[in-house]
Amino acid sequence: MFDPFEEACSLAAARGAWVHVDGAFGLWAAVSDRHRHLLSGVDRADSWTTDGHKWLNVPFDSGFAFVRHTAAHRAAMSTRANYLAHAADTAAEAGMVPARDQMDWNPEWSRRARAVPVYAAIRSLGRRGIAEMIDRCVDHAHRLVAEIGDLPGVEVLARPVINQGLVRFLATDGDHDSHTDQVIGRIQRDGATWFGGTTWNGMRAMRISVVNWRTGDQDVDRTVAAVRTALG
Ligand SMILES: Cc1ncc(COP(=O)(O)O)c(C=O)c1O
């Protein structure tokens, strides 16, 4: 789901509030010509976060924060201690332009070089490759919800806006919640596909979410067949 960012940012600006957008998945939609409109107004936010380990498909844990206000970001993140060497100080001593000092940018002092796989993924896919991956996952999610929804005894609760939707399984005895959990359990044990359960508007539901770059049309076919078997 996407909030109405134009409206939210106007309301927040009028009251001097900071708008943060949790775009863990959704911010990637901005790469796609088909889905960019969902993020209209998001550029007015004060900060965004998103994850490389979700739709960019790089390993855990590659989160990014984008902060409009340099001073606020710097004040929240920088640390100084007498025993630490800081790029600004060492560069000044050598009469050089300081390199970016990692301690001014993120909460950790020690971390692995997460930026390397992120850089490699972005360089190898390019803007078009990322957009194709986003659009492909969205198409798979729509097809999964539509085709699972067409099976007897399935109710679609939420069609995907991008890559996630919800269905539930209707019981003949009326206990749809228990039946939905039982069918989810059968699908998970079958192992062809994995969907989690959730509660939405007081109803148990199965959450359909597609994010893997390798998921293809045949996987969607196999998945629909696995759900049909679990229902049978
Ligand atoms: C919207 C949203 N925010 C935050 C998170 C959690 O992010 P992380 O994996 O970086 O802890 C998720 C995970 O699915 C998410 O969907």
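Small disclaimer: the values here were computed from a predicted structure and weren't measured. (Residues numbered from 1 in each chain as written. Predicted model: local features only at pLDDT ≥ 70, side-chain atom pairs only at ≥ 80, totals over all residues. Heavy atoms only, no water.)

1. Section: the site of the ligand
Working step 1: Residues in close proximity to the ligand include Asp-22, Ala-24, Phe-25, Asp-51, His-53 and Lys-54, which together make up its full environment.
Working step 2: With respect to the ligand, the side chain of Asp-51 contributes an N or O atom lying 2.7 Å from an oxygen atom.
Working step 3: Within the complex, 44% of the 400 Å² of free accessible area of the ligand lies under protein.
Working step 4: Tallied by class, the residues present in the shell around the ligand amount to 2 nonpolar, 1 polar and 3 charged. (Near = heavy atom within 4 Å. Polar contact = N/O pair within 3.5 Å; in protein donor to acceptor, adjacent residues only side chain to side chain. Areas by Shrake-Rupley, 256 points an atom, 1.4 Å probe, with all protein chains shown as cover. Nonpolar A, V, L, I, M, F, W, Y, C, P; charged D, E, K, R; others polar.)

2. Here we look at the packing of helix H5 (residues 176-190) against helix H6 (residues 217-231)
Working step 1: Remark: H5 packs on H6, axes separated minimally by 9 Å, with the N-to-C direction vectors making an angle of 125°. Between H5 and H6, the crossing angle belongs to the class labelled oblique. Judged by the twist between their axes, the crossing of H5 over H6 is right-handed. Contact with H5, carried on its side by Val-183, Arg-186, Ile-187 and Asp-190, involves Ala-226, Val-227, Ala-230 and Leu-231 of H6 and no other residues of that element. (Axes fitted to C-alpha atoms, helices over the stretch in contact; angles between N-to-C directions. Helix = DSSP H or I, 4+ residues; strand = E, 2+ residues; numbered from the N terminus. Parallel < 35°, antiparallel > 145°, perpendicular 65-115°, else oblique. Left-handed = near helix turned anticlockwise from the far one by under 90°. Contact = heavy atoms within 4.5 Å.)

3. Describing the domain arrangement of the protein
Working step 1: The domains assigned to the protein are domain 1 (5-121) and domain 2 (127-231).
Working step 2: Computed from C-alpha atoms alone, the centre-to-centre distance between domain 1 and domain 2 is 33 Å.
Working step 3: Tallying the contact residues gives 13 residues for domain 1 and 17 residues for domain 2.
Working step 4: At the junction of domain 1 with domain 2, the criterion picks out 1 salt bridge.
Working step 5: Between Asp-139 and Arg-34 there is a salt bridge, and its shortest N-O distance comes to 2.7 Å.
Working step 6: Put simply, domain 1 and domain 2 have 5 residue pairs in polar contact (both at pLDDT 80 or more) between them.
Working step 7: Residue classes in the side of domain 1 that touches domain 2 are distributed as 7 nonpolar, 4 polar and 2 charged. (Domains from an automatic or database assignment. Salt bridge = Lys/Arg side-chain N within 4 Å of Asp/Glu carboxyl O.)

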